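As a plain string of letters, each chain reads:
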Amino acid sequence: MRDLGWILLYLLTVVGVTLIHQPLYLLIGLVVVILFSGSLRWRLLRKALLSMLLFNTAVSLGYLIIALLRDEFRVEYLILINVRVLLLVMLGFWLSARINFANALRFSPTLTFLTTLAAGQIRLMSRIINDYRAAFESRCLKRPSWRDRSRLAVVQTEAVVEQSHHAATEIGQAMRSRGVFND
Amino acid sequence: MHIPDGFIAPQFYLSAYVVTGGAWLWAARGLKQRLDEEIIPRLAVITALAYVIGMVMLPLPGGSTGHLVGIAMLAMLFGVRLAFLAYSLVLLLQALLFGAGGITALPVNAFAVGLVGAAVMTLCMGLRGERNPLPFLAAGTFLAVVIPALLIALVLGIQPAIAHRDDGTPLFFPFGPEVAVPAILLPHLIIGGVEALLTLAVWRYAKTRGWLA
């Protein structure tokens, strides 16, 4: 239940963070989260910055241009939105580094099964996608054509759809043979 | 397509949780009685499929790439309820494990992409004839990408009106619908078109394997 408690605390904190509109308070919150992240802090911070980079850069640049043209530019807004997003992403990463989701879901055996199976299958299918991509790139001496890249997308999708059908049958049989559904 | 955390006002995302929560209950209700050796692994595997389908890069004209949304394909293969639940679980895993999307954006993303996208595709599939189903499948896929994108753009576009300071400075997403709609919708018109072609290819494949009802 301890992990479930952390999840509930995280959810309350997230709502609290979105109710605060003073950049200084959010900045203090961010520093606190970074300090409490222990030895993982720089890795989590780097991961958080990378994951928000694309969307936040697009929004920030768009705001900069449009607000300047309309003479409505407020630097405070840029600080607010970027610090808030960074804080929320850091909180999420901090939570996932701190807790074991399987333990947190122990109150529901079905949900535990579901999440564990899904996480395992995600790893397996991600490897298939990456293997196809690597194999394709290693066979291309020059930039592949639109047609070739389209064919890659099709075969990758067919491969994971096929894998998913086989896996569903196999997992069901494996679970049944181990008496999972006997209760 | 996903909205990240921090761009939606709490008064909107909390209300969205109520609405989407109702949809989750609806989708799970029929399944609860059938949570057996077939449904649990099937749902887990579809969830994984929904996740990795987003890793398939779509070639776009001009040499750039986008990524597959995949909800039309999931709806085509597994129906609205399973597609919606699987997509929602993926969004949750992405938010908590990979920092993509986000917990505050989850109900909006799940409702728009997972439920509306899947429902649009299923509706178009229901309209298809036996003789020439391809135009309906293509249109369904295209609309299952474009309509959720429009919804998400509108949700983002109303944020400045919902939450702003007294001087008008936005507190969350800064642009109104006049900027948000074209900025989000235009790329998705291309992604929807390319995804429609890919879904047709997968449909042919699934048909030869007997995976379609």
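Residues numbered from 1 in each chain as written. Chains lettered and ligands numbered in written order. Predicted model: local features only at pLDDT ≥ 70, side-chain atom pairs only at ≥ 80, totals over all residues. Heavy atoms only, no water.

As recorded in an unreviewed UniProt entry, chain B goes by the name Fused nickel transport protein NikMN, listed as coming from Candidatus Thiodiazotropha endolucinida.

**Q** Would you take a moment to explain the overall build of chain B for this structure?
**A** Assigned secondary structure in chain B consists of eight helices and two strands. For chain B, the N- to C-terminal ordering of α and β elements is α-α-β-β-α-α-α-α-α-α. Across the 213 residues in chain B, those meeting the buried criterion constitute 59%. Considering only contacts within chain B whose residues lie at least 6 apart along the sequence, 73% involve residues at least 24 apart. A total of about 8000 Å² of accessible surface is found on chain B, and carbon and sulfur atoms cover 67% of it. (Helix = DSSP H or I, 4+ residues; strand = E, 2+ residues; numbered from the N terminus. Buried < 20%, exposed > 50% of the residue type's maximum accessible area, 1.4 Å probe, protein only. Contact = heavy atoms within 4.5 Å. Areas by Shrake-Rupley, 256 points an atom, 1.4 Å probe, with all protein chains shown as cover.)

**Q** In this structure, what is going on with the nonpolar core? I would like to understand it.
**A** In globular proteins that are soluble, nonpolar side chains generally tend to be buried together. Grouped together as the largest cluster of nonpolar side chains are 129 residues, with contacts concentrated most on Met90 of chain A together with Ile3, Ile71, Leu74 and Met76 of chain B. Top element by residues in this core is helix 4 (residues 75-98) of chain A. It accounts for 15 residues. Residues lining this core come from more than one domain, with at least three contributed by each of domain 1 (2-99) and domain 2 (106-177) of chain A. Apart from the residues within four sequence positions on either side, Met90 of chain A is in contact with Leu30, Val33, Ile34, Ser37, Arg41, Leu44, Leu45 and Ala48 of chain A. (Core = buried A, V, L, I, M, F, W, Y, C linked by side-chain atoms within 4.5 Å. Domains from an automatic or database assignment.)

**Q** Please explain the interface of chain B and chain A as it appears in this structure.
**A** Many descriptions give the size of an interface as the accessible area lost when the pieces come together. Between chain B and chain A, the residue contacts involve 61 residues of the former and 66 residues of the latter. Carbon and sulfur atoms supply 75% of the area buried between chain B and chain A, which totals about 5400 Å² over both sides. Notably, a salt bridge pairs Arg70 of chain A with Glu178 of chain B, separated by 3.4 Å at the nearest N-O pair. Elements with a minimum of two residues in the side of chain B that touches chain A: helix 1 (10-32), helix 2 (39-53), strand 1 (57-59), helix 3 (71-78), helix 4 (80-98) and helix 8 (177-209) of chain B. By residue number, the principal contributor to the side of chain B that touches chain A is helix 2 of chain B, which donates 11 residues. Split into classes, the residues belonging to the side of chain B that touches chain A amount to 44 nonpolar, nine polar and eight charged. (Buried area = accessible area lost by both parts, 1.4 Å probe. Salt bridge = Lys/Arg side-chain N within 4 Å of Asp/Glu carboxyl O. Nonpolar A, V, L, I, M, F, W, Y, C, P; charged D, E, K, R; others polar.)

**Q** Teacher, can you tell me more about the confidence of the model for chain A here?
**A** Caution applies to low-pLDDT parts of the model: their predicted coordinates are not meant to be read in detail. The pLDDT averaged across chain A works out to 86; a share of 97% of its residues lies at or above 70. Confidence, expressed as mean pLDDT per element, reaches its minimum in chain A at helix 5 (residues 101-104) of chain A with 74 and its maximum at helix 2 (residues 23-36) of chain A with 94. (pLDDT = per-residue confidence, 0-100.)

**Q** Honestly, the UniProt feature "transmembrane region" (unreviewed entry) in chain A in this entry has me stumped. Any pointers?
**A** The UniProt entry lists residues 6-36, 48-69 and 75-97 of chain A under the feature "transmembrane region" (unreviewed entry), expressed in the numbering used here. Between the end C-alpha atoms of residues 75-97 of chain A the distance is 33 Å, and the span holds 100% helix and 0% strand. (UniProt positions renumbered as here; feature names shortened; annotations may be inferred.)

**Q** When you look at the pattern of salt bridges in this model, what are you seeing that I'm missing?
**A** For side chains of opposite charge, pairing can occur when their charged atoms come near one another. Scanning the entire structure with this criterion turns up four salt bridges over all chains. The partner of Arg74 of chain A in a salt bridge is Asp167 of chain B, and the shortest N-O contact between them spans 3.3 Å. Pair noted here: Arg74 of chain A is in the loop between helix 3 (41-70) and helix 4 and Asp167 of chain B is in the loop between helix 7 (159-162) and helix 8, and the two residues belong to different chains. Take Arg74 of chain A: its relative accessible area is 32%, and that puts it in the partly exposed class.

**Q** Hey, could you run me through the UniProt feature "transmembrane region" (unreviewed entry) in chain B in this one?
**A** Residues and elements named next belong to chain B. Here, the residues flagged by UniProt with the feature "transmembrane region" (unreviewed entry) are residues 7-27, 39-60, 67-90, 96-124, 136-159 and 179-203. Secondary structure within residues 7-27 divides into 86% helix and 0% strand; the distance between the first and last C-alpha atoms comes to 27 Å. This span, residues 179-203, is 100% helix and 0% strand, and a straight line between its end C-alpha atoms measures 36 Å.

**Q** I'm lost on the packing of aromatic side chains in this one. Help?
**A** Summed over all chains, the structure comprises seven aromatic pairs over all chains. Between the aromatic rings of Phe173 of chain B and Phe175 of chain B, the centroid separation amounts to 5.5 Å while the plane-to-plane angle is 85°, which identifies the pairing as edge-to-face. Comparing Phe173 of chain B with Phe175 of chain B, the two get one shared label, buried. Taken together, Phe55 of chain A together with Phe7, Phe173 and Phe175 of chain B form an aromatic cluster joined through their ring pairs. The ring of Phe172 of chain B carries Arg84 of chain A above its face, with NZ or CZ at 4.1 Å from the centroid. (Phe/Tyr/Trp six-rings, centres within 6.5 Å; stacked < 30°, edge-to-face > 60°. Lys NZ or Arg CZ within 6 Å of the ring centre and 35° of its normal.)

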